[in-house]
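Spelled out from the first residue to the last, the chains are:
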Amino acid sequence: MTQPSPPPTGPESTGSDRLRIQVARVVALGVLTGLAAALLANAFVAAIGWLNEWLLISPRARMMAAEGVWLPLATIAVPTLGGLLVGYLHRWIREQRPHGPAEVIAAVQTRQDDLPARPALISGVSSLVSLGSGASVGQYGPLVHMGGSLGALLARLLRSDVTVGNIIVACGVASAIATAFNAPIAGILFAHEVILRHFALRAFAPVALAAITGYVVANAVLAQPPLFQIESAAVRHIWEFGLFPILGVASALVAVVYMHAILGVGRMARHLPLPAVGKPALAGMGLGLVALWFPEILGIGAQTLRFAFIEGAFAQWELLLVLVLKLLATAWCLGMGFSGGVFSPALVIGSLFGALFGSGLGMLFAGGTSELVVFAVCGMVAVTAPVIGAPLTAVVIVFELTGSYELTIAALASVALANLVASRIFGRSFFDRQLRDRGLDLSRGRSKALLASRTIGSLVSTHHATAPADAHVADARQAMQTADATSCHLVDGTGRYVGTLRLQRILQAPDHVPARDYCGRDEIVMNAETTVWDAMNLLRDFIGEGVAVVDADNRLLGTVFESDLIRAYLDILEDMRREEHATR
Amino acid sequence: MTVSRALPLLLSLLVPGAATPAEDALIVATWGGSYEAAQREILFEPFEGEGNGKIASVPYSGGLDILHAEDPPDLVDMSMSEAMAACEAGLLQSLEGLELPPSAGGIPARDDFLPGSRERCAITHTIFATVIAYNRQAFGSVRPRRLQHLFDLEEFPGPRALQATPAGNLEWALRSLGVPRAELYSVLSTQRGLDLALDQLDTLSGSIRWWRDGDEPVKMLETGEVVMASGFNGRFFNARLDHESPIEILWDGQLQERQTWVIPRGAARPDRAREFIRYATGTEPLARLAERMAYGPARRSALRLVGRHPQAGIDMGIQLPTHPYNAESAIKKDAKWYAQTYHRVLDRFEVWRKRSSGRKTLGADQESRVGPPT
């Protein structure tokens, strides 16, 4: 694949030529990215399944393994050794932790082309090890991250600009989700709701093509069974639609507890007097020990999900017990440094909670309510949607996997309030909270995040007037005249910044007095790491031409001119608006 | 086990038409009834006619006990899962080196056989189905349409005849609870899943009659002793054909399994047994057998040759369990899973069956004959 050639500009060039090239480009972009991400996603899911069989994690393998000492031994050894390997792998990542969907969101939202391939590869492998060795983590987070990173890699190969690059990243994510869930519409929605966070017609076409490619690959090339399959479920009474929002709000609270638990264990793990390499191993050992009695907590938990849908598979107290265990196991594994997602465990926890709610109602209304599976699905969606911050995606997944319109509307009713409630208490999603804790706050919109992600470093100019700290006013005046500037920075003998002299202050000043006496008292200074957002806020009450930029030792680096700053501000916002609204 | 010593004697007494085995006869353990009759006509007699000596049959209705006998038969017509379990236990001869003839059109055997047909000790000859059937006179205008109706005693009351094996019953119990086909064996692998399946079967307790011999469910349906029954699709088909029985097959949830030829480790005539397998898995005999028994042949070339029933003249293609029309919701039996878990699942099932019959089942006197080998 080579970079599509630019449109011909000769006299023969017509509008239809350009259109054809543009369409060809969009098709190539979407299909190519979709195909690559889909094959990767498919191989990833298949490899997890294979590892789970081979390492005696999947129930089928555990059942088939002869009884005896091997099974309990493997139950403890496999997650422990898996954790050790994961710990070692993460040493090769700069931040010493796996990357995930948060990195993809940050790269796209801040329009910074920085989704590096190396940590993506290492995180992908460590997720595979985590999932393969039975850690209680999800598989979709790694898939989103790998799909996005693959898109970013392609974007770099195609030397596309940031806007197109973001679209390719979204294509990779959409295809990975479409493949893994066998749900192309959900893939498209997820890419828009979580990654791009706007709806641009220009992005829709390639993203849709990528998702469809993923769907085709999922079905035609390497068929994988869907995560969950529900054959039939009906809402028995119309008044039950009034119950679903209540379930939704309760589920949002469960989601908040779940997310806090993960972050809490993470904080605790940081204070644990143990080398970072050993923490996932310890987590694996703990998990394996508990799994000797409750094998439900191992792995993704597809069987638990299935049982939550079946009336009578769990007693009520068992629903609660397994829910709490799964929640703790996931927080334990993720917090202690296993690599993986938050989505699949949320599905399990949510469906258990929904089933608990439904069976409680069943007792209250003496069995007059809908089948348990309806509530389990609603709980599943309403816990998951706040965790990933994608209510529409969660609802559409239900529609695509069940084909039941009634169930989808029930899911919609339960999600309606869930995201609102959870976002008020916790934040838009688990990923946004992770980013906020790392200093990227998306809660005040994309423009703030964008401006806060750019520094003024590139705007620093040395085309300014300086004078020695002991200079007289006349010297400073002379320096300003020479530099054609309206201000002059005073610098001492070691290059340290002393103050700034503004022209309007020395207009009446005698020549032979120290210039220093006329420096402003609360002069603003910035450094190269000051963000455009902070710089704009600092300049709110500023009158003048430029601001001194100093380094950590207070040495003068240059000046940032207000006009440059405003131009940068406008450019950043204009690029964002073009990405979000322009059609060509 | 002493039963096997008595087998030839039993056979001569119980199986009509079976010859007393001559000293050098090839002993084939197979399933009796119309099935064995067809085998005799299409496989045994032509094979004998080619100067291969006599073939004598001994009755067999599943399980591994027969392999533990002091002088086991030379060949057993065994289900794939049991064959794999027996192979694992070292009770069978390896058939890996056995070369099978190409199809009549020259397609090599390895491309002609359906995938998964050959295992170390077993060669698949047919794909049969255990299906649910019902007596169409037992219900009014509303008839069972789906697998779930097996468990619906309200709408379809009456006794049910079920095979006294875990296979089939467990799968159907879970399917009726909405477990998708792809998840059946994963769910059955958990304690909770197995309990769930047995609990669902418990809802029928008191209405179950257990059967072991393939002809029993046919008779029970015909006499009206039961209203629904599981059974082998070929037996039901032949009953309809031969005595116009009012039996209807419910293809929904049919459990497909491979039926294989195996040679016990202690077989006295292994060479002739191998020669027989080569003959019996040829394109032509497989196609003719399918026309008589309505079981799917393991070779693609044979499937293409399947025509009409020799006497009745009905098109047999659509009667096969593997026909796309019938196989839409077929459950493929996980032979590997059963092979590895054979004794544990069987023990569990038998314990449940005893407990359940202790409560209220009819035919509580029936004892397990397929228990673990001693």
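Placed above this text is the structure.
Since this is a predicted model, take the numbers as computed values, not measurements.

> Just checking my understanding: could you explain the interface of chain A and chain B for this structure?
When the parts of a complex come together, some accessible area is lost, and that lost area is often taken as the interface size. Counting from both sides, the interface comprises 15 residues of chain A and, opposite them, 17 residues of chain B. It is helix α2 (residues 59–64) of chain A that contributes the most residues to the side of chain A that touches chain B, five residues altogether. Per-class residue counts for the side of chain A that touches chain B are eight nonpolar, three polar and four charged.

> Got a minute to help me understand the sheet that holds strand β4 (residues 525–527) of chain A in this structure?
Remark on secondary structure: sheet strands pair via backbone hydrogen bonds, oriented parallel or antiparallel. All names here are of chain A. Overall, mixed pairing links the three strands, which are arranged β4-β5-β6 in an open sheet. Each edge of the open sheet carries a strand with a single partner, namely β4 and β6 (556–561). Averaged over all neighbouring strand pairs, the angle between strand axes comes to 40 degrees, with direction disregarded. As defined by bridge partners, β4 adjoins strand β5 (residues 546–550) across three bridges and the pair is classed as parallel.

> Help me understand the nonpolar core in this model?
The nonpolar side chains of soluble globular proteins are, as a tendency, buried together. Residue and element names in this part refer to chain A. One finds Ala170, Val173, Ala174, Val207, Val377 and Val381 to be the most contacted residues of the largest nonpolar core, which totals 305 residues. Ranked by residue count, the leading element in this core is helix α15 (residues 372–388), at 14 residues. Every residue in contact with Val377, bar those within four places of it in the chain, is listed here: Ile230, Gly354, Val398, Leu407 and Ala411.

> Would you mind showing me how to read the packing of helix α8 (residues 184–196) of chain A against helix α16 (residues 391–402) of chain A here?
Packed helix pairs are specified by the crossing angle of their axes together with the interaxial distance, meaning the distance between the axes. Residues and elements named next belong to chain A. Two numbers describe how α8 lies on α16: the axes approach to 9 Å, and their chain directions differ by 175 degrees. On the basis of the axis angle, α8 is roughly antiparallel to α16. Residue-level inspection shows Ile185, Ala186, Leu189, Phe190 and Glu193 of α8 in contact with α16, the latter providing Leu392, Thr393, Val396, Ile397 and Glu400. Its residues assigned to classes, the contact of α8 with α16 shows seven nonpolar, one polar and two charged.

> Would you mind showing me how to read the sheet that holds strand β3 (residues 497–502) of chain A here?
Residue and element names in this part refer to chain A. The three strands are arranged β1-β2-β3 in an open sheet whose pairing can be described as mixed. Looking at which strands have only one partner, the edges of the open sheet turn out to be β1 (465–468) and β3. Here the average twist between neighbouring strands, direction ignored, is 30 degrees. Sitting on the sheet, helix α20 (residues 473–483) touches β1, β2 (487–491) and β3, and the angle it makes with β1 is about 155 degrees.

> Sorry, what's going on with the packing of helix α10 (residues 243–270) of chain A against helix α13 (residues 316–335) of chain A here?
Residues and elements named next belong to chain A. One can describe the packing of α10 onto α13 by two numbers: an axis separation of 8 Å at closest approach and a directional angle of 40 degrees. The pairing of α10 with α13 is recorded here as oblique in orientation. Considering only the axes of α10 and α13, their crossing is right-handed. Contacts from Tyr258, Ala261, Ile262, Val265, Gly266, Met268 and Ala269 in α10 reach Leu327, Leu328, Thr330, Ala331, Trp332, Leu334 and Gly335 in α13. Across the contact of α10 with α13, the residue classes tally to 11 nonpolar, three polar and no charged.

> In this structure, what is going on with helix α11 (residues 283–293) of chain B? I would like to understand it.
Side chains of residues three or four places apart in an α-helix project in the same direction, reflecting 3.6 residues per turn. Residue and element names in this part refer to chain B. For α11, the buried fraction is high: nine of the 11 residues fall into the buried class. All of the buried residues in α11 are Thr283, Leu286, Ala287, Arg288, Leu289, Ala290, Glu291, Arg292 and Met293. Each element contacted by the buried residues of α11 is listed here: α2 (33–52), β5 (122–135), α9 (233–243), β10 (296–297) and α12 (300–305). Positive backbone phi, approximately 60 degrees, marks Ala294, located one or two places after α11.

> I would appreciate a short explanation of the pairing of β6(A) in the present structure.
Where a strand is regular, its side chains alternate between the two sheet faces. Residue and element names in this part refer to chain A. Summarising the sheet, β5 and β6 pair through five bridges and their orientation is antiparallel. The partner of Val550 across the bridge, within β6, is Leu556. Hairpin connection, β5 to β6: the antiparallel pair is bridged by five residues, and Asn554 has positive phi, about 70 degrees.

Procedures and definitions
- Residues numbered from 1 in each chain as written.
- Chains lettered and ligands numbered in written order.
- Predicted model: local features only at pLDDT ≥ 70, side-chain atom pairs only at ≥ 80, totals over all residues.
- Contact = placed C-beta atoms within 7 Å.
- Helix = DSSP H or I, 4+ residues; strand = E, 2+ residues; numbered from the N terminus.
- Nonpolar A, V, L, I, M, F, W, Y, C, P; charged D, E, K, R; others polar.
- Pairing = 2+ DSSP bridges.
- Axes fitted to C-alpha atoms, helices over the stretch in contact; angles between N-to-C directions.
- Core = buried A, V, L, I, M, F, W, Y, C linked by C-beta atoms within 7 Å.
- Buried ≥ 20, exposed ≤ 12 C-beta atoms within 10 Å, placed from the backbone.
- Parallel < 35°, antiparallel > 145°, perpendicular 65-115°, else oblique.
- Left-handed = near helix turned anticlockwise from the far one by under 90°.

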